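# Examination of the molecular architecture
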Amino acid sequence: MPLFPDLPDDARVWLFAFDADPAPLLPDVRAFCAGWTSHARPVRAQAEVVAERALAVAAVISPEDFNAGVSGCGIDTMQRAVEQAGAALGLPLTPALDVTLRDATDGWMTASRSTLRTLAKMDAFGAETRVLDLTPTTLGALRAAGGVERAAGDTWLATTFGLAA
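Since the model is a prediction, treat every value here as computed from it, not as a measurement.

The next point concerns the pattern of salt bridges. Pairing is possible between side chains that carry opposite charge, provided their charged atoms lie close to one another. Per the counting criterion, the structure on display carries 7 salt bridges. The closest approach of N and O atoms between Asp9 and Arg143, which form a salt bridge, is 2.5 Å. One end of the pair, Asp9, is in the segment before strand 1 (12–17); the other, Arg143, is in helix 4 (residues 139–144), and 134 residues separate them in sequence. Overall, Arg143 belongs to the partly exposed group, its relative accessible area being 25%. Glu52 is the partner of Arg102 in a salt bridge, and the nearest nitrogen-oxygen pair spans 3.7 Å. Linking Arg102 in strand 6 (residues 99–102) with Glu52 in the loop between strand 4 (44–50) and strand 5 (54–60), this pair joins segments that are 50 residues apart in sequence. Using a relative accessible area of 14% as the deciding quantity, one classes Arg102 as buried. Residues participating in the shared-partner salt-bridge network are Glu52, Arg102, Asp106, Arg130 and Glu149.

Quick look at the state of the cysteines now. A covalent bond between the sulfur atoms of two cysteines is referred to as a disulfide. Applying the stated rule across the entire model yields 0 disulfides. Cys33 forms no disulfide, and the closest cysteine sulfur to it belongs to Cys73, at a distance of 18 Å. Under the relative-accessibility criterion, Cys33 is labelled buried at 3%.

Next up on the list: the side chain of Arg150. You can see Arg150 is positioned in strand 9 (residues 149–151). Among the polar contacts made by the side chain of Arg150, one reaches the main-chain carbonyl oxygen of Asp154 at a distance of 2.8 Å.

Moving on, we get to the nonpolar core. Counting residues in hydrophobic clusters, the biggest one holds 22 residues, and the most contacted among them are Val29, Trp36, Leu55 and Val57. For this core, the elements supplying multiple residues, two or more each, are strand 1, helix 1 (26–35), strand 4, strand 5 and helix 2 (72–88). Val29 has contacts with Ala47, Leu55, Val57, Val82 and Ala85, leaving out every residue within four places of it along the chain. Of all hydrophobic cores here, the second largest spans 16 residues; its members include Val13, Leu15, Ala54 and Val60.

With that settled, consider the packing of helix 1 against helix 2. Two elements in contact, helix 1 and helix 2, have axes separated by 9 Å at closest approach and are oriented at 160 degrees. When the axes of helix 1 and helix 2 are compared, the pair comes out roughly antiparallel. Remark: the crossing between helix 1 and helix 2 carries right-handed chirality. Counted together, Asp28, Val29 and Phe32 of helix 1 and Thr77, Met78, Ala81, Val82 and Ala85 of helix 2 form the full contact between these two elements.

Buried residues dominate strand 5, accounting for 7 of its 7 residues. Every second residue of strand 5 is oriented toward a common face, with Ala54, Ala56, Ala58 and Val60 on one face and Leu55, Val57 and Ala59 on the other, all of them buried. With 7 bridges connecting them, strand 4 and strand 5 associate as antiparallel partners. The residue of strand 5 that forms the bridge with Val50 is Ala54. With antiparallel pairing between neighbouring strands as the criterion, strand 4 and strand 5 make up a hairpin whose turn holds 3 residues, including Ala51 at a positive phi of roughly 55 degrees.

Calculation criteria
- Residues numbered from 1 in each chain as written.
- Predicted model: local features only at pLDDT ≥ 70, side-chain atom pairs only at ≥ 80, totals over all residues.
- Heavy atoms only, no water.
- Salt bridge = Lys/Arg side-chain N within 4 Å of Asp/Glu carboxyl O.
- Helix = DSSP H or I, 4+ residues; strand = E, 2+ residues; numbered from the N terminus.
- Buried < 20%, exposed > 50% of the residue type's maximum accessible area, 1.4 Å probe, protein only.
- Disulfide = S-S within 2.5 Å.
- Polar contact = N/O pair within 3.5 Å; in protein donor to acceptor, adjacent residues only side chain to side chain.
- Core = buried A, V, L, I, M, F, W, Y, C linked by side-chain atoms within 4.5 Å.
- Contact = heavy atoms within 4.5 Å.
- Axes fitted to C-alpha atoms, helices over the stretch in contact; angles between N-to-C directions.
- Parallel < 35°, antiparallel > 145°, perpendicular 65-115°, else oblique.
- Left-handed = near helix turned anticlockwise from the far one by under 90°.
- Pairing = 2+ DSSP bridges.

This is the structure:
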């Protein structure tokens, strides 16, 4: 079953990585989504956990207003709601420049870019390493990618780290 089946492919999506399962945040984030507005327009939004370490929030204003989208202020409000829910539960967001990847035991770990360079030199990080790809910005792109867990060689990391497929 596709992620957010009752939202269109054109819905905007925001992806947030955490160092632990973000499922405990869902009640607070879903409560925010239920009352979310952007410039006094109701936002139809939903939140789900994806790949055990990421929170996805998808939203659309309405078919008539879709091109207007959610305002910057509305996006900031949602981001603060996610951050506050995490902080209240002691679950902060993963730093924006870090990468979440599968480790040798198939668990998740978060690494800085300098750590990734070291892991790549040790052949512990390569094109086949599974990572969280948080770059999709529409629900259609997220669906087309098959979710957020992908091979590093199929993401921006291939170019950044010179990963050969």
